[in-house]
Amino acid sequence: MVNYILKRLLMLIPVLIGVSLLAFSIIHMIPGDPARIILGERANEASILALQEKLGLNEPLYIQFLNFLKNILSGDLGTSIITNEKVTYELLISFAATLELTIVAMIIAVVVGIAAGTIAAVKQYSIFDNLSMVGALVGVSMPIFWLGLLMIWAFAYKLGWFPPSGRLDVAINVPRITHLLLFDSLLAGNLNAFKNILWHLFMPSFALATIPMAIIARMTRSSMLEVMRQDYIRTARAKGLPENIVVFKHAIKNAFLPVITVIGLQFGILLGGAVMTETVFSYPGLGRRLYLAIMARDYPVVQGGILLISFCFVLVNLLVDLTYNYIDPRIKLE
Amino acid sequence: MQGKKWILVLIALLSLSLFIAGCGGTTPEPKQEAEAPKEPEVKEKVLVFARGGDSVGLDPANETDGESFYVSRNITDTLVDYEDDNTNIIPGLAKTWEPKDKDGLIWVFNLREGVKFHDGTPLNAEAVKFNFDRWMFEDNAYRYEGEAYEYWGYMFGGYPGVVKEVRAVDELTVEVELTQPFAPFINNLGMPCFGISSPEAIKKYGKDFFKNPVGTGPFKFVEWLKDDKIVLEKNEDYWGEGPKLDKLIFRAIPDNSARLMELQAGTIDIMIGLSPEDATIVEQDPNLQLLLRPSMNVGYLALHNEKEPFDNVLVRRALNHAIDKQALIDAFYAGFAKTAKNPLPPSLWGYNDAIVDYEYDPAKAKALLAEAGYPNGFKTELWAMPVARPYMPQPKEIATAMQQQFAAVGVEAEIVTMDWGTYLEKGEFGEHSMYLIGWNGDNGDPDNFMYVLLDKDNAKVGSAGNFAFYKSDKVHDLLIAAQKETDQAKRAKLYEEAQVIIHEDAPWIPLVHSTPPIAAKKSVKNFIPHPTGGESTFWKVDIE
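As a further point, take the overall build of chain B. Helices and strands together make up the secondary structure of chain B, namely 16 helices and 21 strands. Computed over C-alpha atoms, the radius of gyration of chain B comes to 26 Å, within 12% of the 24 Å expected from 2.2 N^0.38 for 544 residues, which places it in the range of a compact globule. Looking at chain B as a whole, 59% of its 544 residues qualify as buried. A fraction of 69% describes how many contacts in chain B between residues 6 or more apart in sequence connect residues 24 or more apart. Per element, the accessible surface of chain B, about 20,900 Å² overall, is 51% carbon and sulfur. One way to put it: in chain B the 55 positive side-chain charges average out to a point 2 Å from where the 84 negative ones average out.

All names here are of chain B. Judged by pairing direction, the sheet is mixed, and its six strands sit side by side in the order E14-E18-E13-E17-E15-E16 without closing on themselves. Both edges of this open sheet fall to strand E14 (337-339) and strand E16 (412-416), since each of them pairs with a single strand only. Adjacent strand axes in the sheet meet at a mean angle of 25°, parallel and antiparallel pairs treated alike. Where strand E15 (residues 379-383) meets E16, five bridges bridge the pair, whose relative direction is parallel. Looking at E16, one finds that Glu381 is bridged to Glu414. Against the sheet, helix H13 (residues 420-428) makes contact with E15 and strand E17 (434-440), and its axis sits at roughly 105° relative to E17, the strand it touches most.

An α-helical turn contains 3.6 residues, so any two residues separated by three or four positions project in the same direction. At Leu257(A), helix H11 (residues 243-271) of chain A is bent by approximately 50°, the largest bend along its length, and proline Pro258(A) sits one to four residues beyond. The positive-phi residue at the C-terminal boundary of H11(A) is Gly273(A), with phi of around 95°.

Now for helix H14 (residues 447-454) of chain B. Residue and element names in this part refer to chain B. Across the eight residues of H14, eight count as buried, placing the element largely inside the fold. Of the positions making up H14, those classed as buried are Asp447, Asn448, Phe449, Met450, Tyr451, Val452, Leu453 and Leu454. The elements touched by buried residues of H14 are helix H4 (150-156), strand E13 (297-303), E17, helix H15 (473-484), helix H16 (488-505) and strand E18 (508-514).

To continue, consider the pairing of strand E9 (residues 229-234) of chain B. Residue and element names in this part refer to chain B. Judged from the six bridges that link them, strand E8 (residues 219-225) and E9 form a sheet pairing that is antiparallel. Bridge pairing in E9 links Glu223 to Val231. From the end of E8 to the start of E9, which pair antiparallel, there are three residues, and Asp227 there has a positive phi angle of about 60°. Where E9 and strand E10 (residues 247-252) come together, five bridges link them in antiparallel fashion. Considered in E10, the bridge of Val231 is made with Ile249.

Turning our eyes to something else, we now look at the packing of aromatic side chains. Residues and elements named next belong to chain B. Tallied over the full model, the rule gives 38 aromatic pairs over all chains. Here Tyr238 and Trp239 contribute two aromatic rings whose centre-to-centre distance is 5.0 Å and whose plane-to-plane angle is 45°, an arrangement assigned as tilted. A relative accessible area of 28% places Trp239 in the partly exposed class. Linked through ring pairs, Trp107, Phe109, Phe132, Trp135, Trp152, Phe156, Phe182, Phe185 and Phe194 together constitute an aromatic cluster.

Cut-offs applied
- Residues numbered from 1 in each chain as written.
- Chains lettered and ligands numbered in written order.
- Predicted model: local features only at pLDDT ≥ 70, side-chain atom pairs only at ≥ 80, totals over all residues.
- Heavy atoms only, no water.
- Helix = DSSP H or I, 4+ residues; strand = E, 2+ residues; numbered from the N terminus.
- Rg over C-alpha atoms; globule rule 2.2 N^0.38 Å.
- Buried < 20%, exposed > 50% of the residue type's maximum accessible area, 1.4 Å probe, protein only.
- Contact = heavy atoms within 4.5 Å.
- Areas by Shrake-Rupley, 256 points an atom, 1.4 Å probe, with all protein chains shown as cover.
- Lys, Arg positive; Asp, Glu negative; His and termini not counted.
- Charge placed at Lys NZ, Arg CZ, Asp CG, Glu CD.
- Pairing = 2+ DSSP bridges.
- Axes fitted to C-alpha atoms, helices over the stretch in contact; angles between N-to-C directions.
- Bend = angle between axes of the 7 residues up to and from the residue.
- Phe/Tyr/Trp six-rings, centres within 6.5 Å; stacked < 30°, edge-to-face > 60°.

Here is the structure:
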């Protein structure tokens, strides 16, 4: 087991080198010179040359790439050419915001998705089944941007139940230590702030949860339906076990494998940041940071961001594989 | 079994969060006190100002974007300042100033007494000299890695440019010596990028000064949460009339509609970047007020004066007659713009109002084209930028409308667009025929429009601000004479004269001067939008 984990972690190295090469080439292939974007209408030859030199953009590309690799090896992702801020710092604070949002969204998605999927499968063709599957279809197809604006309009502006955007009321201060605000507010022993943060998280995380929720519900339903048709379920029922034990003890666990895969994948995707949700709800997460960096051709931030996201994705996949082993002892990890 | 699995996931997440905490701790951050929020006895006056993007940095000398200056101009003061709603000059940190010689080569500034930076250090002649030296000299020790100070080079013609030396004569007297007479000098010094920062703080924070700004302004910097908010608080020791607000908070809310709903929900007080079509919502809301920012910009179509058929003045005049500017304004600015007939916006001194614009007249356009030898029109390209600019919110849509108006006089224009950086680059190299572009004024001096956009000095391939490649010796002579003249009335005359020649030569189709709408709560008092695109008058603002 330990060997397996080590092996998988070692495999991260070639993956990350490949990703950094890819990230570097793609962002440098996109036309548009950061110096010109910074100077805008005010660019002239002298100022562009001077700025390119300042930003280290006048070096040949392979030198820039080697410098980038050298920096990564020493744990440094460089400095943003737009804000002059350390890329590691800039990415991690926005990543923390995204992580918090993603975790809450995934909790909503998993709880609601699995519950809805299970009930729909057990009561196949019932009204609940039909309604929840229509709901899931809407959830998958509804553009988050539009859903977000509707939610703000209804719940923040018309009803005033939730704050329209942001992470915390402007009047409340929480010392930022981990930059996971829920965590930080607890560390500071500030329950008031904790509640306020949760309150702020509700709308964006719900909007973000719609798609994974729908996918999880549908996956749970189909997987459950398949398991419920198996012989051992018939046997369990035949020996007189109550239906809830049949469902919860025998069926769900076996139906879970594909669902876990989907949860893992969705979690990995959401960790990459959600540009739409973050934009509508003014949430300072990784997706928007990267979007802005791409528009400004902030090479170091984009490269670092892609590296971070791929790292998370590989890590989440590893976790999923480990979870398989726990759920289904027949799977051997070697 | 299932319990174990969740514990595993939980441990993984926990370790990830600790990892983040570890990494985050390595960079210094603005100090914050761990405090439980107490209900203040007297309600604090907090104003929340919302815009689309966050600031890039708060060291004014090293920034180029409006979002940064929006905040920094409340923290740092400049030597001279602009009047509330125009660019006439009033005293700032300098009480008085005057040229020492008749050519205006040496300027003497007398500073206010007893002004202190937010860190308690005094504002004196040495501090001013320190700031100038940092702006001017590329080898200055307090320019940190990656800092380019673009605006100095831009406004003063390089490093050190037209400024030869800055001397601290005594505690409160500064002398600035120029290499040549330079009329826009005083107006330049009112720009937010030339805000005076505390030398001690620059030394103390080093590379991180951009997130720990210290000036003499009416508000002090408190904290900055990236992509979220910047918090400023009242400077109790402000040298001028103290601010009425206790806190001034700048929030970044990227989506225009979401920002408007926040304003309606009451969580913010003022918003910029209101979509013109939403203006009616604001006007109909009894709790909101609509304000207009006076225009200091121009959006125009540059015609490449050295390329056929635009090298023919008759063709250029014909195209001027072909465009219905008011229709563009009604369709794409919801009326929040004025038609342009000159390169200068009407709010600037030197604007020549006597000029009569080429009226919209397709028949006349056709006749002129025939006279020029193009009775059946011609085929050409119409370049449109890919991004919204303050002077042009929807460039591609505007280009499409213009395409139809050109087609009506027989000119078949194909729309060309590309990413913003490449667009500017190709424009500077003159690869276009017709080029949509515009300009936001910096310092309120006509030179900042006329010389930059229409002088032959700036029609150089590869670094053209003069995208029309318009080269008129007569205009050049007038503009250079205006740069050397120190008397404003005489300068205005020179600019008026230049506009007459430019009108006749018609190197552009001047399109619009936009007046961007701003929405605020009715309870916000004395907020005066400034034409330069940002306000340094927040100390006057009050909430009822």
